[in-house]
Amino acid sequence: IFAATVGAYVLRKRRFPAGANVVLAAGMAAFMFVANYALGIFGPYMSSKSLADVINRYLAPADRVVLYGEFDSGSSIAFYTHRRVWIYNGRYNNLEYGSRYADAPPIFLDDADFPGFWNSGRRVFLFVPLNKREEARKRLPAESTWLLAESGGKAVYTNVQVAPGEKTLSGIAYNAR
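Residues numbered from 1 in each chain as written. Predicted model: local features only at pLDDT ≥ 70, side-chain atom pairs only at ≥ 80, totals over all residues. Heavy atoms only, no water.

Enquirer: Account for the overall build of the protein, with residues named and values stated.
Expert: Of regular secondary structure, the protein possesses seven helices and six strands. Helices (α) and strands (β) of the protein occur, in sequence order from the N terminus, as α-α-α-β-α-β-α-β-α-β-α-β-β. Its C-alpha atoms give the protein a radius of gyration of 23 Å, more than 25% over the compact-globule value 16 Å for 177 residues. Counting all 177 residues of the protein, 38% fall into the buried class. (Helix = DSSP H or I, 4+ residues; strand = E, 2+ residues; numbered from the N terminus. Rg over C-alpha atoms; globule rule 2.2 N^0.38 Å. Buried < 20%, exposed > 50% of the residue type's maximum accessible area, 1.4 Å probe, protein only.)

Enquirer: Can you lay out the sheet that holds strand 3 (residues 108-109) for me, pointing to particular residues and giving the numbers?
Expert: The six strands are arranged 3-2-1-4-6-5 in an open sheet whose pairing can be described as mixed. Single-partner strands in this sheet number two, and they are strand 3 and strand 5 (146-151). The pairing of strand 1 (residues 64-68) with strand 2 (residues 85-88) spans four bridges and is parallel. Within strand 2, the residue paired with V65 across the bridge is V85. Contacts between helix 3 (residues 49-58) and the sheet are confined to strand 1, strand 4 (124-128), strand 5 and strand 6 (154-158), with strand 5 contributing the most and set at about 145° to the helix. (Pairing = 2+ DSSP bridges. Contact = heavy atoms within 4.5 Å. Axes fitted to C-alpha atoms, helices over the stretch in contact; angles between N-to-C directions.)

Enquirer: Can you explain the pattern of salt bridges? Please cite residues and give values.
Expert: Under the definition given, this model contains seven salt bridges. Measuring nitrogen to oxygen at the nearest pair gives 3.2 Å for the salt bridge that ties K49 to D53. Of this pair, K49 and D53 both sit in helix 3, four residues apart, which is roughly one turn of the helix. Overall, the relative accessible area of 36% leaves K49 in the partly exposed class. (Salt bridge = Lys/Arg side-chain N within 4 Å of Asp/Glu carboxyl O.)

Enquirer: Tell me about the side chain of T158, and name the residues and values.
Expert: As for its position among the elements, T158 is in strand 6. Judged by relative accessible area, which is 0%, T158 ranks as buried. At a separation of 2.7 Å, a polar atom in the side chain of T158 contacts the main-chain carbonyl oxygen of V160. For T158, the residues in contact, after removing those within four places along its chain, are W118, V124, F125, S144, T145, W146, L148 and E166. (Polar contact = N/O pair within 3.5 Å; in protein donor to acceptor, adjacent residues only side chain to side chain.)

Enquirer: Provide a residue-level description of a nonpolar patch on the surface, including the pertinent values.
Expert: Side chains of Y37, I41, F42, Y45 and M46 sit close together on the surface and give an oily, nonpolar patch of about 630 Å² of accessible area. Turning to its location among the elements, Y45 is positioned in helix 2 (residues 17-46). (Patch = residues over 30% accessible without salt bridge, like charges linked within 9 Å, V, L, I, M, F, W, Y side chains within 5 Å. Areas by Shrake-Rupley, 256 points an atom, 1.4 Å probe, with all protein chains shown as cover.)

Enquirer: Go over the packing of aromatic side chains, please, and point to the residues and values.
Expert: Scanning all chains against the criterion turns up five aromatic pairs. Centre to centre, the rings of Y68 and Y88 are 5.0 Å apart; their planes meet at 85°, and the pair counts as edge-to-face. Taken as a pair, Y68 in strand 1 and Y88 in strand 2 lie far apart in primary sequence, 20 residues in all. The two residues Y68 and Y88 agree in class, both being buried. With centroids separated by 5.4 Å and ring planes inclined at 35°, the aromatic side chains of F114 and W118 adopt a geometry described as tilted. (Phe/Tyr/Trp six-rings, centres within 6.5 Å; stacked < 30°, edge-to-face > 60°.)

The structure is reproduced here in structure tokens:
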């Protein structure tokens, strides 16, 4: 991009405006190609659409979707599943103040609430971002938590096995990050 800009500048100074325009157009085309390629590589880290697609494959009307930690890290899960989401251990930063209002929806779960929510008999999908995986894993029951999918370091766990071959947390070897 820098080379195209410098090249176009030099060509304009030498009174070759058509050549300068061609160099700029080629530089823009190269940038668009590289940006699109980078989006393909970094997409799983930047978006949670692929995980939401997996959730949607199994999501039933009575199921619940929970985000672990800050809402911002998994907001696309709510968008792509078209569901109200609960937030587990995420009452901080920009949601903390408003979550304390009397008319705020009761969507915030803490360590005292979550075990009852997880063991309620309803299927729960728990989205966990990369930076919270180890923290969340310590709070989940190892024998009754299944890894449904993972992408870009993020994971979706369930309290009921929904697909053949899913492993429980006790059957997964984790490396501390």
